[in-house]
Amino acid sequence: MPELADRLLAGEQRALSRVISMLERGDPSAVEVMRDIDAHTGRAYTLGITGPPGAGKSTIVDQLTRHLRGIHQRVGIVAVDPTSPFSGGALLGDRIRMQRHYLDSGVFIRSVATRGQAGGLPRIVKGIARALDAAGCDVVIVETVGVGQTELGIMSVADTVAVALIPEAGDSIQALKAGVMEIADLYVVNKADRDGADQMAASVTAMLQMSLTTPDWVPPVTMTAAHTGQGIEELWEKLQEHRTYLETSGNLSKRRGEHRTQEFLEVVEEELVRRLRRLVQTDPSLLAKLERVAARDAEPYSAALEFLNDSTLNPGLLTTPTR
């Protein structure tokens, strides 16, 4: 689909929407488009906003977008929302909070459902971020759904990860330390007009001093009251400082290379699962093996390894090398 790729590269939002929809439904035609646009990616700065529920992530994204538009930056937003138990789609909560930007042609907003993905971030977000990059966005903001300390998937897509916290979090920082607190390049204490904000910032700073193992970059702690816009400009300045650090240290290209490698492995995993499910429905030998497992005539673990090592099932695809 070279015409669709050309339209996306020209910044046409309808073409961008169509490509993202193709990615979401797993349309094979998306493969050609993504191949055509790949050489035109790598210019946008991708920012991840994560943190526990109620930290005001959507409001931070909304105000940050307002600031970026004020300095003439094109912004793409991927808002990861909870999955509807009825339709399987996103609940669109974040889009409701960002209504002011919908008539702005310099802002593109897309809600994506988690679809039960571990890490709080569906794999297609990586493809969507690259499509937004190719379409001319200067900044791509990925806001996670806020599932807590297991929400580490943002590391595999963002150049810079900002973790949002609130004064009321208190001792919950201890619960987050083993997960989301360790992935931050920057901390944002939001709702800083509430009591306890200074103490929260001091607590995070003290935690960093005790646990920091890589002195090249010390994650700063910044304070915002996003509902009024307070601290947003300072937040953007700190984000730019981290971008400069990544560029001058060579870590930006390294981090982006790791992201692409991770995406490759995830696509391979997904495709193998899809093909395996197709085999379950059509391959007589596999169906017979499953019946033997169900009837307790075969042990599940050893039968599975035997299946994977059987080159007659799918030569060169599901086989493992001989050791």
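Residues numbered from 1 in each chain as written. Predicted model: local features only at pLDDT ≥ 70, side-chain atom pairs only at ≥ 80, totals over all residues. Heavy atoms only, no water.

Draft legend 1. Focus on the overall build of the protein chain. When helices and strands are counted, the protein chain shows twelve helices and seven strands. Expressed as a percentage of the 323 residues in the protein chain, the buried residues total 47%. Only carbon and sulfur atoms are counted for the fraction: they give 52% of the accessible area of the protein chain, which is about 16500 Å². (Helix = DSSP H or I, 4+ residues; strand = E, 2+ residues; numbered from the N terminus. Buried < 20%, exposed > 50% of the residue type's maximum accessible area, 1.4 Å probe, protein only. Areas by Shrake-Rupley, 256 points an atom, 1.4 Å probe, with all protein chains shown as cover.)

Draft legend 2. Geometry of the confidence of the model for the protein chain. Predicted confidence across the protein chain gives a mean pLDDT of 84, with 81% of residues reaching 70 or more. Segment residues 84-91: pLDDT under 50, and 16 contacts once partners within four positions in sequence are set aside and those in other chains are kept. (pLDDT = per-residue confidence, 0-100. Contact = heavy atoms within 4.5 Å.)

Draft legend 3. Local environment of the pattern of salt bridges. In this structure the tally under the stated criterion is 17 salt bridges. The partner of R7 in a salt bridge is E12, with the nearest N and O atoms 2.8 Å apart. Note on R7: relative accessible area 24%, which makes it partly exposed. In this structure E12 comes out as partly exposed when scored by relative accessible area, which is 30%. For K289, the salt bridge identified is with E306, shortest N-O distance 2.9 Å. Remark: E306 occurs in helix 12 (residues 300-308) and K289 occurs in helix 11 (residues 284-294); sequence separation between them is 17 residues. Relative accessible area serves as the criterion here: at 14%, K289 is assigned to the buried category. With a relative accessible area of 48%, E306 lands in the partly exposed category. Here the salt bridges do not stand alone but share partners, grouping D38, R130, R260 and E263 into one network. (Salt bridge = Lys/Arg side-chain N within 4 Å of Asp/Glu carboxyl O.)

Draft legend 4. Fine view of the sheet that holds strand 6 (residues 186-189). Read from one edge to the other, the open sheet built from seven strands follows the order 3-2-4-1-5-6-7, with strand pairing classed as parallel. What marks the edges here is a single partner per strand, and that holds for strand 3 (107-113) and strand 7 (221-223). The mean angle between the axes of side-by-side strands here comes to 20°, regardless of whether they run parallel or antiparallel. Note that strand 2 (residues 75-81) and strand 4 (residues 139-143) share five bridges and pair parallel. Note that in strand 4 the partner of I77 across the bridge is I141. Packing against the sheet, helix 4 (residues 57-70) makes contact with strand 1 (45-50), strand 2, strand 3, strand 4, strand 5 (160-165) and strand 6, and its axis sits at approximately 170° to strand 4. Contacts from helix 9 (residues 232-249) reach strand 1, strand 4, strand 5, strand 6 and strand 7, with the element oriented near 125° to strand 1. (Pairing = 2+ DSSP bridges. Axes fitted to C-alpha atoms, helices over the stretch in contact; angles between N-to-C directions.)

Draft legend 5. Expanded view of the environment of A134. Tracing the backbone shows A134 in helix 6 (residues 124-134). With 91 residues separating them in the primary sequence, A134 and R43 have C-alpha atoms 8.1 Å apart. In this structure, A134 is in contact with L8, L9, I37, H40 and T41, ignoring residues within four places of it in sequence.

Draft legend 6. A look at the packing of helix 10 (residues 251-282) against helix 11. Running from amino to carboxyl end, helix 10 crosses helix 11 at an angle of 85°, the nearest separation of the two axes being 6 Å. Here helix 11 runs roughly perpendicular to helix 10, going by the angle between their axes. Counted together, L276, L279, V280, Q281 and T282 of helix 10 and P284, L286, L287 and L290 of helix 11 form the full contact between these two elements. The residue inventory of the contact of helix 10 with helix 11, partitioned by class, reads seven nonpolar, two polar and no charged. (Parallel < 35°, antiparallel > 145°, perpendicular 65-115°, else oblique. Nonpolar A, V, L, I, M, F, W, Y, C, P; charged D, E, K, R; others polar.)

Draft legend 7. Region of the structure containing the packing of aromatic side chains. One pass over the structure, following the stated rule, counts two aromatic pairs. For the pair W217 and Y245, a centre-to-centre distance of 5.4 Å together with 25° between the ring planes defines the contact as stacked. With W217 in the loop between helix 8 (197-211) and strand 7 and Y245 in helix 9, the pair connects residues that are 28 residues apart, well separated along the chain. (Phe/Tyr/Trp six-rings, centres within 6.5 Å; stacked < 30°, edge-to-face > 60°.)

Draft legend 8. Spatial organisation of helix 10. The terminal C-alpha atoms of helix 10 lie 47 Å apart, and with 32 residues this matches the ideal 46 Å at 1.5 Å per residue to within 8%. When we look at burial in helix 10, the residues that qualify are L252, R256, H259, E263, E266 and L279. Of the surrounding secondary structure, the elements contacted by the buried residues of helix 10 are strand 1, helix 6, helix 9, helix 11 and helix 12. (Expected span 1.5 Å × (residues − 1).)

Draft legend 9. Structural context of a nonpolar patch on the surface. On the surface, a nonpolar cluster with roughly 270 Å² of combined accessible area is contributed by L276, V280, L287 and L290. Of all the elements in the fold, those that place two or more residues in the nonpolar patch are helix 10 and helix 11. Along the polypeptide, L276 turns up in helix 10. The class for L276 is partly exposed, based on a relative accessible area of 33%. (Patch = residues over 30% accessible without salt bridge, like charges linked within 9 Å, V, L, I, M, F, W, Y side chains within 5 Å.)

Draft legend 10. Here's a closer look at a negative patch on the surface. A surface patch of negative charge is lined by E3, D6, E32 and D36. Contributing elements (two or more residues each) for the negative patch: helix 1 (2-9) and helix 3 (29-37). Positionally, E32 belongs in helix 3. (Lys, Arg positive; Asp, Glu negative; His and termini not counted. Charge placed at Lys NZ, Arg CZ, Asp CG, Glu CD.)

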